[in-house]
Amino acid sequence: QVQLVESGGGLVQAGGSLRLSCATSGLSFSIYAMGWFRQAPGKGREFVAAINQSAGNTLYADSVKGRFTISRDNGKNTVYLQMNSLKSEDTAVYYCAASSRPFSTAETVRSGAGYWGQGTQVTVSS
């Protein structure tokens, strides 16, 4: 069956960095666009970043642009999210998602996401 497993979350001080990984299995990873979303307590799930199948196209939420970088390794069936200059408002559970559809906006990433991971907690202390 399809599995998406996030890792790399934890507690970090403001200004610090974390690298999240999402290892996938059971799907043809190279034909899926991949995205990262996050959900803070009491809030809805928001889009963070997305990357297309060839890694030639990426999309970021304005709130993370210039601080976060999404990448993928099709040989390892894994997508990454490098998070730098972390802020307290980045505290959330981070989820990865796989989409079989092309994307152009955050909403098209969300609407195309057919598979989700279980999430990894990121806590940024100020």
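An account of the accompanying structure is given in this report. (Residues numbered from 1 in each chain as written. Predicted model: local features only at pLDDT ≥ 70, side-chain atom pairs only at ≥ 80, totals over all residues. Heavy atoms only, no water.)

1. Comments concerning the sheet that holds strand β1 (residues 3-7)
Defined as follows: Strand pairing is assigned whenever DSSP identifies at least 2 bridges connecting the two strands. Comment: elements are numbered from the N terminus, with helices defined as DSSP H or I runs of at least four residues and strands as E runs of at least two. To obtain an axis, a line is fitted to C-alpha atoms, over the contacting stretch when the element is a helix, and the angle between two such axes runs from 0 to 180 degrees between their N-to-C directions.
Taken together, 4 strands build an open sheet; the order of strands is β1-β3-β8-β7 and the sheet is antiparallel. Lying at the two open borders of the sheet, with one neighbouring strand each, are β1 and β7 (68-73). Strand-to-strand twist in this sheet, taken as the mean axis angle between neighbours without regard to direction, amounts to 15°. Summarising the sheet, β1 and strand β3 (residues 18-25) pair through 5 bridges and their orientation is antiparallel. Within the sheet, the bridge partner assigned to Leu-4 lies in β3 and is Thr-24.

2. Quick word on the side chain of Ser-21
Here is the rule: Buried residues are those whose accessible area, probed at 1.4 Å on protein chains only, stays under 20% of the maximum for their type, while exposed residues exceed 50% and partly exposed ones sit between those limits. The contact definition used throughout considers only heavy atoms, calling two residues in contact when any of these lie within 4.5 Å.
If you trace the backbone, Ser-21 turns up in strand β3. Looking at Ser-21, the relative accessible area reads 18%, which means it is buried. Not counting the four nearest positions on each side in its chain, Ser-21 is found in contact with Val-5, Glu-6, Ser-7, Trp-36, Thr-78, Val-79 and Tyr-80.

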